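Descriptive structure summary
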Amino acid sequence: MDTISIRAPSISAPRATVRHRIRTRLPASLALLPTALVVLVVYIGCLLWTVRLSFTSSALLPKLDWVGLAQYSRLFANDRFLTSAENILIFGCLFISGCLILGFLLAVFIDQNVRGESLFRTVFLYPYAMSFVVTGVAWQWFLNPGLGLQKLVRDMGFPNFTFDWLVNQDMAIYTIVIAGIWHGAGLTMAILLAGLRGVDGDLWKAARVDGIPTWRVYISVVLPLLRPMIVTATVLLATGVVKLYDLVVAMTLGGPGIATEVPAKFVMDHLFERNNIALGTAAATIMLIAVVSVLAPWVYARYIRSQGRLG
Amino acid sequence: MRLKTRVSAYTLSCALIWSSGALAQQQKAEVLHWWTSAGESAAVKVFADQFTKAGGTWVDNAIAGGVNARAAGINRMVGGNPPTMLQFNTGKQFDELVTNDLLRDVDKQAQAGKWRDIMPKSIVEASVRNGKFYAVPVNIHGQNWLFYNTKVFADAGLEPPKTFPELIATGEKLKAKGIIPIALGGQPTWEHNLFRAVLVGNGGADLFRKFYGSRDQQAVKSPKFKETVELFGKLRGLVDPGSPGRNWNDATALVITNKAAMHFNGDWAKGEFIAAGQTAGKEYGCTLVGDGSSGKLVIGGDVFVFPASKDKAALAVQDKLIEVLLDPASQLEFNKKKGSIPVRLDVDVSSMDACAERSHAVLRDPSNQVEAMELLSTPNFSGAIQDAVTQYWNNPNMSADAFVEKVIGAMRDAS
């Protein structure tokens with residue numbers, strides 16, 4: 001994650017060195033050119049195109065008129081979009097923190113040199129190998145009050161047991177969080193376990209000599225050492241939050257009612273089902289702004305400010 | 001001179017050989033549709049076989065899910081590489097393709113085939129833009145059927161209801177016997193479909209048209225509409241708690257397996273009963289709930305549209321496809337498998353099942369035909385209403401007045 005500063009060739013350098021540099025770097029630059037072009041044209045180009053369309057009245061096909069901020073005022077008067085925004089916040093916070101905590105605990109558990117470590121590792125990582133669609137359908141069956149957990153416990157002789165979060169408007173979003181954590185915790189575990197294995201054994205010995213309890217070492221010594229791994233895991237999980245779509249579609253289809261709608265589903269529905277490209281792109285633009293405003297302070301703190309401080 | 005003749009003769013023969021080769025290749029028709037379930041693909045195979053028999057090559061391009069298929073088709077048309085024909089639902093989905101001159105008008109074929117005389121008026125209107133046919137309807141689906149389990153009703157000593165107040169009374173009695181009165185696929189689409197069945201049944205055809213078609217705010221504020229919305233709200237109590245998120249075919253299965261008594265759905269649900277080995281009029285019945293008369297049938301269906309082309313050979317292939325689609329024999333076979341009824345009302349349906357015959361009989365009287373939502377309303381407005389309906393349905397504390405407010409907001413705002 002360290003930045004490499006490239007110093008510009010000084011003017012006084014002999015001509016031969018400059019030519020040599022160009023000659024050695026030319027192939028590399030040429031090799032990078034196609035990727036750079038793709039990024040510029042496809043990513044940046046489509047991004048600008050999306051933003052432009054959000055200021056139009058496009059319906060089924062894109063058209064380039066100008067309606068100002070009309071789509072945005074519609075968007076913020078739309079309860080479905082507001083619910084979506086609220087849901088993505090709830091999901092994002094709980095999902096990331098849940099995955100980190102559970103992943104860390106699992107990693108610590110496996111780090112105790114338990115027997116059958118590779119088996120546990122596989123079992124915990126396995127959910128991540130499944131697509132969100134499979135995850136969603138499996139959890140939908142498991143949490144369905146008439147088929148899954150509730151029926152099972154009731155059939156075992158507890159007729160008053162109730163667990164109907166999936167069909168309860170107020171709780172349904174948390175079932176999505178549960179399924180998401182089940183899916184993502186294994187990956188977090190794998191990343192953090194790699195970090196734990198990298199902790200210097202001498203640190204442990206030193207702590208043991210000083211008589212520090214194990215849990216204290218994990219929290220005060222190991223956890224700070226794991227910072228880069230935690231950052232990596234958080235970034236990976238955060239991308240999953242922004243693009244949350246298939247899990248919801250497979251599990252609740254945004255319901256009951258609009259209780260589990262998310263922004264990505266709002267965008268997809270309006271672009272492709274409701275022939276409302278303008279409103280869909282406006283929602284996509286808002287998503288972009290939200291992501292950028294979360295990322296910008298972090299990028300600033302991580303790259304720009306630290307570079308300035310180091311001079 | 002001689003050389004010239006020889007050269008031109010040579011060129012001519014070359015051109016002939018080339019063009020006949022091209023013709024053979026151009027007899028190929030690429031068809032984009034979303035009929036992927038077992039019954040649906042059996043149905044579309046009827047068209048494919050007929051087209052092959054007529055000397056063409058049918059290239060089947062089935063994409064699962066109507067939304068995905070339409071998006072793929074529109075992208076290809078805009079990109080200049082359209083399929084030979086593609087499927088839409090009868091209605092407004094292809095409006096903008098017409099205004100952007102992307103579709104071929106097939107009015108010549110329509111006049112030759114007298115489509116305006118043999119098809120229901122609302123289906124004709126939904127396929128005509130600026131006085132010309134731009135789409136070929138292939139079937140009629142009734143969307144507001146009540147399917148019921150005859151055994152459950154016989155065991156309970158009850159009759160299938162004819163009106164919605166009757167339905168609620170019957171439902172309460174069934175519920176007391178431990179039977180799910182109404183099996184509902186708890187997804188916004190099906191909740192909305194149930195709402196439309198109540199609206200047309202209790203509110204009437206006129207209110208239905210004012211609501212989806214002219215977006216009449218006065219009609220929405222009327223006591224009749226409020227009564228209908230409250231009636232719809234009362235149906236919540238007749239649905240089992242496992243309904244949210246359920247697929248429509250799982251809901252149909254509840255009726256098939258005697259767990260539920262009634263199920264509102266379009267006639268595509270017949271495919272599920274048929275697959276379970278049940279016969280219309282025996283294990284299950286179908287009826288229309290309304291004012292107690294023969295009932296109003298909300299009709300939509302599927303059409304094929306033909307991308308505009310300047311290539312004569314391509315146009316000839318499209319002509320052949322149109323002939324196949326509306327041929328009486330293929331209409332009958334296709335619709336038997338699809339669960340719908342032929343779009344040509346002049347086809348003899350006595351070989352079809354009891355529900356199809358009922359549907360055909362109801363539609364004979366034009367005053368019983370009600371255009372489906374897709375024919376009256378834009379996808380955007382329908383979507384906004386769907387959001388409001390699913391919120392109302394899933395929140396028992398929401399009042400009918402609050403729902404009316406949301407609807408008026410959507411009427412003002414949605415394009």
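What counts and what doesn't
- Residues numbered from 1 in each chain as written.
- Chains lettered and ligands numbered in written order.
- Predicted model: local features only at pLDDT ≥ 70, side-chain atom pairs only at ≥ 80, totals over all residues.
- Heavy atoms only, no water.
- Helix = DSSP H or I, 4+ residues; strand = E, 2+ residues; numbered from the N terminus.
- Rg over C-alpha atoms; globule rule 2.2 N^0.38 Å.
- Buried < 20%, exposed > 50% of the residue type's maximum accessible area, 1.4 Å probe, protein only.
- Contact = heavy atoms within 4.5 Å.
- Areas by Shrake-Rupley, 256 points an atom, 1.4 Å probe, with all protein chains shown as cover.
- Lys, Arg positive; Asp, Glu negative; His and termini not counted.
- Charge placed at Lys NZ, Arg CZ, Asp CG, Glu CD.
- pLDDT = per-residue confidence, 0-100.
- Disulfide = S-S within 2.5 Å.
- Salt bridge = Lys/Arg side-chain N within 4 Å of Asp/Glu carboxyl O.
- Buried area = accessible area lost by both parts, 1.4 Å probe.
- Polar contact = N/O pair within 3.5 Å; in protein donor to acceptor, adjacent residues only side chain to side chain.
- Nonpolar A, V, L, I, M, F, W, Y, C, P; charged D, E, K, R; others polar.
- Domains from an automatic or database assignment.
- Core = buried A, V, L, I, M, F, W, Y, C linked by side-chain atoms within 4.5 Å.
- UniProt positions renumbered as here; feature names shortened; annotations may be inferred.
- Pairing = 2+ DSSP bridges.
- Axes fitted to C-alpha atoms, helices over the stretch in contact; angles between N-to-C directions.
- Phe/Tyr/Trp six-rings, centres within 6.5 Å; stacked < 30°, edge-to-face > 60°.
- Lys NZ or Arg CZ within 6 Å of the ring centre and 35° of its normal.

A count of helices and strands for chain B gives 21 helices and 15 strands. Computed over its C-alpha atoms, the radius of gyration of chain B comes to 24 Å, within 12% of the 22 Å expected for a compact globule of 415 residues. Across its three principal axes, chain B shows a C-alpha extent of roughly 100 × 45 × 35 Å. Out of the 415 residues belonging to chain B, those deemed buried represent 56%. Long-range pairs, those at least 24 residues apart, make up 75% of the contacts in chain B with a sequence separation of at least 6. Of the roughly 17,300 Å² of accessible surface on chain B, a fraction of 53% belongs to carbon and sulfur atoms. Here chain B contributes 46 positive and 43 negative side-chain charges, whose respective centroids are spaced 5 Å apart.

A count of helices and strands for chain A gives 13 helices and 0 strands. Secondary structure elements of chain A occur, N-terminal to C-terminal, as α-α-α-α-α-α-α-α-α-α-α-α-α. For chain A, the C-alpha radius of gyration of 25 Å lies well beyond 19 Å, the compact-globule estimate for 311 residues. Structurally, chain A occupies a C-alpha span of about 90 × 75 × 30 Å along its principal axes. Counting across all 311 residues of chain A, residues that qualify as buried make up 36%.

Taken residue by residue, chain B gives an average pLDDT of 89. The fraction at 70 or more is 93%. Note on residues 14-24 of chain B: pLDDT is under 50 here. Beyond four places in sequence and across chains, it has 1 contact.

A disulfide bridge is the covalent bond that connects two cysteines by way of their sulfur atoms. Residues and elements named next belong to chain B. This structure, assessed with the given rule, holds 1 disulfide over all chains. Covalently, Cys286 is tied to Cys355 through a disulfide, its sulfur atoms 1.8 Å apart. Judged by the torsion about the S-S bond (-115°), the Cys286/Cys355 disulfide is left-handed. With Cys286 in strand S11 (residues 284-287) and Cys355 in helix H18 (residues 354-364), this residue pair connects regions lying 69 residues apart in the sequence.

So, about the pattern of salt bridges. Residue and element names in this part refer to chain B. Summed over the entire model, instances satisfying the criterion amount to 29 salt bridges over all chains. Of the charged contacts, one joins Arg129 and Asp95 as a salt bridge, the two residues approaching to 2.7 Å between their closest N and O atoms. Within this pair, whereas Arg129 is found in strand S4 (residues 128-129), its partner Asp95 is found in helix H4 (residues 95-99), the two being separated by 34 residues in sequence. In this structure Arg129 comes out as buried when scored by relative accessible area, which is 14%.

Further remarks concern the interface of chain B and chain A. If you look at the interface, chain B gives 27 residues, while chain A gives 20 residues. Approximately 2,100 Å² of surface area, both sides summed, lies buried where chain B meets chain A, with 53% of it carried by carbon and sulfur atoms. The interface formed by chain B and chain A includes 4 salt bridges. The tally of links between chain B and chain A comes to 11 residue pairs in polar contact (both at pLDDT 80 or more). For the side of chain B that touches chain A, the secondary structure elements donating two or more residues are helix H3 (66-78), H4, helix H20 (379-394) and helix H21 (400-413) of chain B. If you tally residues by element for the side of chain B that touches chain A, the top one is H20 of chain B, at 9 residues. A per-class count over the side of chain B that touches chain A returns 11 nonpolar, 12 polar and 4 charged.

Once that is clear, we can look at the domain arrangement of chain B. Residue and element names in this part refer to chain B. As far as domains go, chain B holds domain 1 (28-141 + 300-367) and domain 2 (152-295 + 378-413). Domain 1 and domain 2 are separated by 29 Å when their C-alpha centres are compared. Between domain 1 and domain 2, the residue contacts involve 11 residues of the former and 11 residues of the latter. Here domain 1 and domain 2 share an interface that buries about 1,000 Å² over both sides, 58% of which is from carbon and sulfur atoms.

Now for the nonpolar core. All names here are of chain B. Judged by nonpolar contacts, the single largest core of 60 residues is most densely connected at Phe195, Phe211, Tyr212, Phe225 and Phe403. Each residue touching Phe403, except ones within four places of it in the same chain, is listed here: Phe195, Phe225, Val229, Ala388, Val389, Tyr392 and Met398. Within the second largest apolar cluster, 59 residues are counted, among which are Ala183, Val255, Phe304 and Ala356.

Residues and elements named next belong to chain A. As recorded in UniProt, the sites labelled "transmembrane region" (unreviewed entry) are residues 30-51, 88-110, 122-142, 171-196, 217-242 and 277-300. End C-alpha to end C-alpha, residues 122-142 measures 22 Å, and it is 71% helix and 0% strand. Between the end C-alpha atoms of residues 217-242 the distance is 34 Å, and the span holds 96% helix and 0% strand.

This paragraph deals with the UniProt feature "domain: ABC transmembrane type-1" (unreviewed entry) in chain A. As annotated in UniProt, the feature "domain: ABC transmembrane type-1" (unreviewed entry) corresponds to residues 85-300 of chain A in the numbering used here. Counted over residues 85-300 of chain A, helix gives 74% and strand 0%. Its end C-alpha atoms are 25 Å apart.

All names here are of chain B. Reading across from one edge, S2-S1-S3-S13-S6 is the order of the 5 strands in this open sheet, with mixed pairing throughout. On the outer flanks of this sheet lie strand S2 (57-62) and strand S6 (135-137), each paired with one strand and no other. Geometrically, the sheet is characterised by an average inter-axis angle of 25° between neighbouring strands, direction not taken into account. Bridge count for strand S1 (residues 28-33) against strand S3 (residues 85-89) is 2 bridges, and the pairing is parallel.

Another point: the packing of aromatic side chains. The relative placement of two aromatic rings is captured by the distance of their centres and the angle of their planes. Here the structure, examined in full by the defined rule, presents 37 aromatic pairs over all chains. With a centroid separation of 4.9 Å and an interplanar angle of 15°, the aromatic rings of Phe91 of chain A and Phe95 of chain A are classed as stacked. On the criterion of helical spacing, the pair formed by Phe91 of chain A and Phe95 of chain A is a turn pair, its members being 4 residues apart in helix H3 (residues 79-111). The two residues Phe91 of chain A and Phe95 of chain A agree in class, both being buried. Put simply, the rings of Phe195, Phe208, Phe211, Tyr212, Phe225, Phe232, Tyr392, Trp393 and Phe403 of chain B pair up and form one aromatic cluster. The aromatic ring of Tyr392 of chain B is capped on one face by Arg236 of chain B, whose charged end is 4.5 Å from the ring centroid.

So, about the sheet that holds strand S12 (residues 297-300) of chain B. Pairing is mixed across the open sheet formed by 4 strands, whose spatial order is S14-S7-S12-S15 (chain B). Of all strands in the sheet, those with a lone pairing partner are strand S14 (341-342) and strand S15 (369-371) of chain B, marking the two edges.

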